[in-house]
Amino acid sequence: MDWLSLISASWKILFKVMVSFLVGALIGLEREKSRIAKLEQDLKDPEKLAIYPGVRSFSFLGLIGALTILVPSLISYQQLALWICTSLIIMAVLLIILYTSYRMFILKEGGITTSIALGIAYLLGFMAGAGLILEAISISVLVTFILALKFKIQHVIRGISYTELLSALEIGIIIFLIGPLIPEEIYDPLLHIINLRLLYVFFIIMLLLSYMSYITIKLRGIKALSYFSFLGGLINSEATTVSLLRLYLKERDIRDLIVGSIILSNVAMLIRNLIFISFLSMIQHLELAT
């Protein structure tokens, strides 16, 4: 092996170690932020919150994961490499078990989200050490995003009643259980003109948009209805208009806003159609040019 290839291999290992450290740090950054948020909400026992793992703990666990797979390539003596790898695995498992046990039996607190995140940090470090750099970074970003949604999800859950949640489940049953049973080619029994499958899809879109408009107004207020109308118009302006008309009959106090939202929905539909026409014209122009 020449010096160039040796230096290249060394830099590759260093790069894998750095990535394993950073993917763990990204998850730890969110856990650190969550710990600070809890500290701001509950100032009674700040020392109790200080034991929660943060950026450094997650970074080191990701580093341990990378070293677990990189050690055999760094040490020629295989028995020693196997002993070190086994020790690193046991260390990572013991750290997670000890933290989980301390939180459950000493602090008397439930929840295993942080323990799962610690395990994921170790596995992501292992993936980075194995050369799955893009996969490790992508999963790290996804996990951090899911963890960061905790307070948003709690806010949404508090704002939705059990009846409203049950309505969402009913919509899910209609979509995923009844939908696949409807044949692709099925028409009305009298004139055989209306495709019942397309009518079912339109009904589902209208049902979803109606439910989303109701939840949007409840969680964000009436001002959010304009944003919903514009996005709904981009998806299906007819279903959005019908759902807004149903809301118009129920909410008498905001009828002016609903009328404006209907107009905005149709404007979004026109913008969408103009974009499609422009795109198709550009494609046709390119085909004629070639």
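Structure: above.
Cut-off values and rules
Residues numbered from 1 in each chain as written. Predicted model: local features only at pLDDT ≥ 70, side-chain atom pairs only at ≥ 80, totals over all residues. Heavy atoms only, no water. Helix = DSSP H or I, 4+ residues; strand = E, 2+ residues; numbered from the N terminus. Buried < 20%, exposed > 50% of the residue type's maximum accessible area, 1.4 Å probe, protein only. Contact = heavy atoms within 4.5 Å. Areas by Shrake-Rupley, 256 points an atom, 1.4 Å probe, with all protein chains shown as cover. Phe/Tyr/Trp six-rings, centres within 6.5 Å; stacked < 30°, edge-to-face > 60°. Expected span 1.5 Å × (residues − 1). Bend = angle between axes of the 7 residues up to and from the residue. Patch = residues over 30% accessible without salt bridge, like charges linked within 9 Å, V, L, I, M, F, W, Y side chains within 5 Å. Salt bridge = Lys/Arg side-chain N within 4 Å of Asp/Glu carboxyl O. Core = buried A, V, L, I, M, F, W, Y, C linked by side-chain atoms within 4.5 Å. Axes fitted to C-alpha atoms, helices over the stretch in contact; angles between N-to-C directions. Parallel < 35°, antiparallel > 145°, perpendicular 65-115°, else oblique. Left-handed = near helix turned anticlockwise from the far one by under 90°. Nonpolar A, V, L, I, M, F, W, Y, C, P; charged D, E, K, R; others polar.

### Quick look at the overall build of the protein
Helix and strand counts for the protein stand at eleven helices and zero strands. Scored against the burial criterion, the 290 residues of the protein give a buried share of 33%. The long-range share in the protein, meaning contacts at least 24 apart out of those at least 6 apart in sequence, stands at 66%. Accessible area for the protein stands at about 19100 Å²; split by element, carbon and sulfur atoms hold 73% of it.

### Describing the packing of aromatic side chains
If you walk through the whole model with that rule in mind, you get one aromatic pair. A centroid spacing of 6.2 Å and a plane angle of 70° characterise the contact between Phe21 and Phe60, whose relative ring orientation is edge-to-face. Highlighted residues: Phe21 in helix 1 (residues 3–41) and Phe60 in helix 3 (residues 55–74), separated in sequence by 39 residues. A relative accessible area of 48% means that Phe60 is categorised as partly exposed.

### Some thoughts on helix 3
Relative to the 28 Å expected for 20 residues at 1.5 Å per residue, helix 3 spans 27 Å between its end C-alpha atoms, a close match to the ideal helical length. When the local axis directions of helix 3 are compared, the greatest deviation, roughly 40°, occurs at Thr68, which is followed within four positions by the proline Pro72. Residues of helix 3 that are buried include every one of Phe58, Ser59, Leu61, Gly62, Ile64, Gly65, Ala66, Thr68, Leu70 and Val71, and no others.

### Topic: a nonpolar patch on the surface
On the surface, Tyr102, Met104, Phe105, Ile106, Ile112 and Ile116 cluster together into a nonpolar patch covering about 610 Å² of accessible area. Broken down by element, the residue count for the nonpolar patch peaks at four residues, all from helix 4 (residues 78–106). The topology assignment puts Phe105 in helix 4. Residue class for Phe105 comes out exposed when judged on its relative accessible area of 55%.

### Structural notes on the nonpolar core
In terms of nonpolar packing, the biggest core is built from 24 residues, with Ile27, Phe58, Leu61, Ile64 and Leu118 touching the most fellow members. Counting residues per element, the ones that place at least two in this core are helix 1, helix 3, helix 4, helix 5 (113–129) and helix 6 (133–148). Among the elements that make up this core, the one with the highest residue count is helix 5 (seven residues). Here Ile27 is in contact with Phe58, Ala117, Ile120, Ala121, Leu124, Ser140, Val143, Thr144 and Leu147, once residues within four sequence places are set aside. Grouped together as the second largest cluster of nonpolar side chains are ten residues, Leu209, Leu247, Ile254 and Ile258 included.

### Observations concerning the environment of Met206
As for its position among the elements, Met206 is in helix 9 (residues 196–220). Each residue touching Met206, except ones within four places of it in the same chain, is listed here: Ala239, Val242, Ser243 and Arg246.

### Here we look at the pattern of salt bridges
Any two side chains of opposite charge can pair, given that their charged atoms come close. Under the criterion given, the structure shown has one salt bridge. Its salt-bridge partner being Arg31, residue Glu30 comes within 2.8 Å of it at the nearest N-O pair.

### Brief notes about the packing of helix 5 against helix 6
One way to put it is that helix 5 packs onto helix 6 with a least axis distance of 8 Å and a crossing angle of 165°. By the criterion of interaxial angle, the relationship of helix 5 to helix 6 is roughly antiparallel. Relative to helix 6, the crossing made by helix 5 is left-handed. Residue-level inspection shows Thr113, Ala117, Ile120, Leu124, Met127 and Ala128 of helix 5 in contact with helix 6, the latter providing Ile133, Glu135, Ala136, Ile139, Ser140, Val143 and Leu147. Looking at the contact of helix 5 with helix 6, its residues break down into ten nonpolar, two polar and one charged.

### Brief notes about helix 5
Under the 1.5 Å per step criterion, the end-to-end length of helix 5 is 24 Å for 17 residues, consistent within 8% with the ideal 24 Å. In terms of burial, helix 5 is largely enclosed, as twelve of its 17 residues are buried. Of all the residues in helix 5, the buried ones are Thr114, Ser115, Ala117, Leu118, Gly119, Ala121, Tyr122, Leu124, Gly125, Met127, Ala128 and Gly129. Looking one or two residues past helix 5, Gly131 carries a phi angle of roughly 100°, positive in sign.

### Let's talk about the environment of Leu22
For Leu22, the position within the fold is in helix 1. Classification of Leu22 as exposed rests on a relative accessible area of 53%. A C-alpha to C-alpha distance of 6.5 Å links Leu22 and Ser59, two positions 37 residues apart in sequence.

### Side note on the side chain of Ser115
Note that Ser115 resides in helix 5. Residues within four places of Ser115 in sequence aside, it is in contact with Ile96, Tyr99 and Thr100.

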